[in-house]
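# Understanding the architecture of this molecule
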Amino acid sequence: MTHDPQWSDPPPLASKLLRACCRPARREEIEGDLFELYARRVVRSGVAAARRRYWRDVLDVCVRQLCLRLLRGLRRPAWSGALRVYPLRIIAALVSCAALLAVPASAHPWAIVATTVLFVMQGVIEILVYIFAIRGMVTRRRARRAPRDG
Amino acid sequence: MLAVATAGLPGRDISSILRKKSGGGVVALQLAGLEEWALLAIVALDGEAYGVSIHDKLQRAGMEASLGAIYTSLERLEEKGFVRSGLGDASPSRGGRRKRLFRVTASGKQALAATQEIRGRLWTLEARST
């Protein structure tokens, strides 16, 4: 089919846009379906019409896929999961943000000191979280290896 | 909303048709417009259902639906457990890419039957009122 002098590949920019918008798990079949329809339309209505229709289909698929992903994100908010896993980290970040917003409102030296202390505390909490996460990973890996070694 | 709209229907309790047991909880069966047509097309295509063939089937039945709308419906149907999918073989006509073939599950067939039954009851009511 690609040796046909009348043949032309689908618009490359549209194909790139399609690849960017689709989830990797669904990319192959969506690209394949649109390619199949494009090839059929080239034979039936010519390259120009097929390319126009390809662009229309790609934009339609992209808008719908992005809307679907957005709706899924709203239905399962990431922040609720993060709050459950890292409660101290999220609370520290929220308090720091609130303090950062409050400082310009009251330029009292104590407010600046309090904000600095909060930022330092947040940094310490971040470091502790990473230490615990790494320790947890090491413990799990050891637990997995233990039965094999034993 | 559907349960309220059909609350006055004769015969056995409509909630028994509308609801199914799933993992200990009760889930209302939901089939939106294009989802029902896509599900019917998958049943008709019998193992050969993928994006383009569903699109063609709907077009031949007189329904113009874009591929984007069909993919969205298929993803929702899969989330609800009414269809399951698997990747087929690659072919040169698709630029060497594989198809995703869809099959209707038992709960999908149950949902279609429930929708059909509700529609039949509503038509009977419509015929009685006229």
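This text follows the structure it describes.
Since this is a predicted model, take the numbers as computed values, not measurements. (Residues numbered from 1 in each chain as written. Chains lettered and ligands numbered in written order. Predicted model: local features only at pLDDT ≥ 70, side-chain atom pairs only at ≥ 80, totals over all residues. Heavy atoms only, no water.)

### Here's the deal with the overall build of chain B
Secondary structure assignment for chain B yields 6 helices and 4 strands. The long-range share in chain B, meaning contacts at least 24 apart out of those at least 6 apart in sequence, stands at 52%. Carbon and sulfur atoms make up 54% of the accessible area of chain B, which amounts to about 7,100 Å² in all. (Helix = DSSP H or I, 4+ residues; strand = E, 2+ residues; numbered from the N terminus. Contact = heavy atoms within 4.5 Å. Areas by Shrake-Rupley, 256 points an atom, 1.4 Å probe, with all protein chains shown as cover.)

### Examining the packing of aromatic side chains
Both the distance between ring centres and the angle between the ring planes are used here to describe each pair of aromatic rings. All names here are of chain A. By the definition in use, this model includes 1 aromatic pair over all chains. Here the aromatic rings of Y38 and Y54 are separated by 5.5 Å at their centres, their planes lie at 70 degrees, and the arrangement is edge-to-face. On the criterion of sequence distance, the pair formed by Y38 in helix α2 (residues 24-45) and Y54 in helix α3 (residues 47-75) is long-range, its members being 16 residues apart. Since its relative accessible area comes to 1%, Y38 is described here as buried. (Phe/Tyr/Trp six-rings, centres within 6.5 Å; stacked < 30°, edge-to-face > 60°. Buried < 20%, exposed > 50% of the residue type's maximum accessible area, 1.4 Å probe, protein only.)

### Description of helix α5 (residues 67-80) of chain B
Residues and elements named next belong to chain B. Over its 14 residues, α5 runs 20 Å from end to end, which matches the ideal 20 Å to within 8%, given 1.5 Å per residue. Of all the 14 residues making up α5, 10 are buried; the element is thus mostly covered by neighbouring parts of the structure. For α5, the set of buried residues is L67, G68, A69, I70, Y71, T72, S73, L74, E75 and L77. In the stretch just after α5, G81 is the one whose phi turns positive, near 85 degrees. (Expected span 1.5 Å × (residues − 1).)

### Comments concerning the interface of chain A and chain B
Facing 23 residues of chain A, the contacting portion of chain B comprises 26 residues. The junction of chain A with chain B conceals about 2,100 Å² of combined surface from both sides, 46% of it contributed by carbon and sulfur atoms. When the area that chain A buries against chain B is broken down by residue, the three leading residues are R26, E28 and D33 of chain A, summing to 25%. At the junction of chain A with chain B, the criterion picks out 8 salt bridges. The shortest N-O distance in the salt bridge between R40 of chain A and D56 of chain B comes to 3.0 Å. Inspection of the chain A/chain B interface yields 14 residue pairs in polar contact (both at pLDDT 80 or more). Mapped by element, the contributors of at least two residues to the side of chain A that touches chain B are α2 and α3 of chain A. The residue inventory of the side of chain A that touches chain B, partitioned by class, reads 8 nonpolar, 2 polar and 13 charged. (Buried area = accessible area lost by both parts, 1.4 Å probe. Salt bridge = Lys/Arg side-chain N within 4 Å of Asp/Glu carboxyl O. Polar contact = N/O pair within 3.5 Å; in protein donor to acceptor, adjacent residues only side chain to side chain. Nonpolar A, V, L, I, M, F, W, Y, C, P; charged D, E, K, R; others polar.)

### Details of the pattern of salt bridges
A side chain of one charge can pair with a side chain of the opposite charge when the charged atoms of the two come close. Going through the model one piece at a time under the given rule, you end up with 16 salt bridges over all chains. Across the pair R26 of chain A and E29 of chain A runs a salt bridge whose closest N-O atoms are separated by 3.7 Å. Highlighted residues: R26 of chain A and E29 of chain A, both in helix α2, separated by 3 residues, approximately one helical turn. Each member of the pair, R26 of chain A as well as E29 of chain A, carries the same accessibility label: buried. Residues R100 of chain B and E29 of chain A are paired through a salt bridge, measuring 2.7 Å at the closest nitrogen-oxygen approach.

Everything listed here is a matter of geometry and, on its own, says nothing about what the molecule does.
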